[in-house]
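Chains, contacts and geometry: an overview
Chain by chain, the residues run as shown.
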Amino acid sequence: MNIAFLFNSDHDDFGGSYGDPIREKVINSGVLQACSRAKRFAEGDILTFSRSKTYWEYKLTTLSVLETDGLYLLKQDKASALLPNITICVFLIQNMSEEIAREIDNYLSDFDWYLGAIEVDFSEPKHLVYFRNSLVERGRLQGKRCRLFYSMGDLENTKDIYLIKQFEEAGFDTKYVDSGARRTIFDDYDTLEHFQRISGLHRYFRDALEIEDNLVDEIIHNLEEAHPKLFEPLHAITKALKQAHTTEEFAMAGLGCRRFMKLLTDAWFPPPKSGKHNGRPMTDSHVKNRFWTHLSDNLMLPLPETERLGKRFDTLWEKASKYLHESSPQLEEVHGLTKNILELVSEVISVDVDAATRPYSAYSDSIKSFWSDVQKDRESSSA
């Protein structure tokens, strides 16, 4: 789940400067360092004031943004009494368990400026606008590893020495990483339609594939980190399965699993120009070889771990590939294949999120289209 921790930014304790002290309190709780799940965090204010014509409208709009069907730890009476005379600051953490969320909430409840927490759903329009697309994504956390973001290669104008020091003093191993084209004009994965598809996948994975809720959260978060375009073949698979009634239709859905595995491998280790790597064939069709090379060369896993994960991939690849020629699968068989693939891929991503992330490839079509338009404009201007 995604949890927004909420704060009164106008409290006297802050003296007008609230971002750094709020962040310091959250990361020094000690709770995040003990959590091995990969998480993203973002910061900022709920920007409802500029969209309101009166103070009363501002209060009502802000309270409506804080409505949720999920975990609700908001100190509602306190927030309602303070509005509209305050701005609410948010520290958002994606991919948390309810247990961890409650631990942080208990820790922060001793501070008068803390207003509680709510579960955020990006498939809900107001949550998408105010908690995903309006906040500043700072970085990701996994255990004691902190990776702060810079975008589109602009480290020179992004690096914040104080921010690094703050996380290091809280016990995090802290570095900057390129977040690529995410959250830029090239990002086509910030729409309501995208997150509604993800919400549908979440329900299908939980209800039809019978994957435990926390693991579904982790699978979806890890896939978004690695390559958000991967949700498209998954959506196609689940849509096909919902409509399938014959073995031929089940087989077509199974082939979708094969396509998903290939797309992921293409992102992690695309075919080299030579068609070989360390003497092994690595052409477009050698998907298994390229997946193994990702494990050994990109993740640099020890041989036993490479063999364990690689053999699991090989087995699942062969099961998905049999639908190319002959098979008469039933729904349960394709469900089991899809579930096993998702669990394997999520585990591989969790090993090293930095190595699994492809910050530009998911946005390459938008980038190429943009530069094509620029080139056409230049040519027409010079004509």
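Each value, and the rule that gives it
Residues numbered from 1 in each chain as written. Predicted model: local features only at pLDDT ≥ 70, side-chain atom pairs only at ≥ 80, totals over all residues. Heavy atoms only, no water. Helix = DSSP H or I, 4+ residues; strand = E, 2+ residues; numbered from the N terminus. Buried < 20%, exposed > 50% of the residue type's maximum accessible area, 1.4 Å probe, protein only. Contact = heavy atoms within 4.5 Å. Areas by Shrake-Rupley, 256 points an atom, 1.4 Å probe, with all protein chains shown as cover. Lys, Arg positive; Asp, Glu negative; His and termini not counted. Charge placed at Lys NZ, Arg CZ, Asp CG, Glu CD. Expected span 1.5 Å × (residues − 1). Arc of directions from axis to C-beta. Phe/Tyr/Trp six-rings, centres within 6.5 Å; stacked < 30°, edge-to-face > 60°. Axes fitted to C-alpha atoms, helices over the stretch in contact; angles between N-to-C directions. Parallel < 35°, antiparallel > 145°, perpendicular 65-115°, else oblique. Left-handed = near helix turned anticlockwise from the far one by under 90°. Nonpolar A, V, L, I, M, F, W, Y, C, P; charged D, E, K, R; others polar. Patch = residues over 30% accessible without salt bridge, like charges linked within 9 Å, V, L, I, M, F, W, Y side chains within 5 Å. Salt bridge = Lys/Arg side-chain N within 4 Å of Asp/Glu carboxyl O. Pairing = 2+ DSSP bridges. Right-handed = clockwise from strand over helix to strand, strands pointing away.

1. Focus on the overall build of the protein
What the protein contains, in helices and strands, is 15 helices and nine strands. The C-alpha extent of the protein, read off along each of the three principal axes, is 70 × 55 × 50 Å. Counting over 383 residues, the protein shows a buried share of 50%. Summarising the internal contacts of the protein: among those between residues at least 6 apart in sequence, 78% fall at separations of at least 24. Just so you have it, the protein exposes about 18100 Å², and 49% of that area is on carbon and sulfur atoms. Between the mean site of the 47 positive side-chain charges and the mean site of the 61 negative ones, the protein shows a separation of 5 Å.

2. Regarding helix α15 (residues 364-382)
Across its 19 residues, α15 extends 27 Å between first and last C-alpha, which sits within 8% of the 27 Å expected from 1.5 Å per residue. Those residues of α15 lying buried are Ser366, Ile367 and Val374. Take α15 and look down its axis: the buried residues cluster within an arc of 100°, on one side only. Opposite the buried face of α15, at more than 90 degrees from it, the exposed residues are Asp365, Lys368 and Lys376.

3. What to know about the packing of aromatic side chains
Under the criterion given, the structure shown has 17 aromatic pairs. Between the aromatic rings of Phe7 and Trp113, the centroid separation amounts to 5.9 Å while the plane-to-plane angle is 45°, which identifies the pairing as tilted. With Phe7 in strand β1 (residues 2-8) and Trp113 in the loop between α4 (98-108) and β4 (114-120), this residue pair connects regions lying 106 residues apart in the sequence. According to the relative accessible area criterion, Phe7 is buried, its value standing at 0%. A relative accessible area of 4% places Trp113 in the buried class.

4. Some words on the packing of helix α11 (residues 287-298) against helix α12 (residues 303-321)
Taken N-terminus to C-terminus, the directions of α11 and α12 make an angle of 155°; their axes are 10 Å apart at the nearest point. Put simply, α11 runs roughly antiparallel to α12. The handedness of the crossing between α11 and α12 comes out as right-handed. Side by side, α11 and α12 meet where Val287, Lys288, Phe291, Trp292, Leu295 and Ser296 of the first sit next to Thr306, Glu307, Leu309, Gly310, Lys311, Phe313, Asp314, Trp317 and Glu318 of the second. Class assignment of the residues belonging to the contact of α11 with α12 gives a composition of seven nonpolar, three polar and five charged.

5. As for a negative patch on the surface
Together, Glu67, Asp69, Asp121 and Glu124 line one region of the surface with negative charge. In this fold, Glu124 is placed in the loop between β4 and α5 (125-132). With relative accessibility at 30%, the residue Glu124 sits in the partly exposed group.

6. Side note on a nonpolar patch on the surface
Judged by side-chain polarity, Ile185, Phe370 and Trp371 come together as a nonpolar surface patch covering roughly 350 Å² of accessible area. Its location among the elements puts Trp371 in helix α15. Given the relative accessible area of 49%, Trp371 is considered partly exposed.

7. Some details on the pairing of strand β7 (residues 173-178)
One ladder, built from six bridges, connects strand β6 (residues 145-150) with β7; its direction is parallel. Considered in β7, the bridge of Tyr150 is made with Asp178. Of the crossover connections in this fold, the one passing from β6 over helix α6 (residues 161-169) to the parallel β7 is right-handed.

8. As for the environment of Pro271
Note on placement: Pro271 falls in the loop between α10 (247-268) and β8 (276-277). If near-sequence neighbours (up to four positions away) are discounted, Pro271 is found in contact with Met282, Thr283, Asp284 and Arg290.

9. Some details on unusual backbone geometry
Here the amide bond leading from Leu83 into Pro84 is cis, since omega sits at 10°, within 30 degrees of zero. With respect to the helices and strands, Pro84 occurs in the loop between α3 (76-82) and β3 (88-94). Positive phi, normally seen in glycine, also occurs at Asn95, with a value near 70°. A relative accessible area of 2% means that Asn95 is categorised as buried. In this model, Glu210 sits at a positive phi of 60°, which is unusual for a non-glycine residue. Classification of Glu210 by relative accessible area gives exposed; the value is 63%.

These figures come from the coordinates and say nothing about function on their own.
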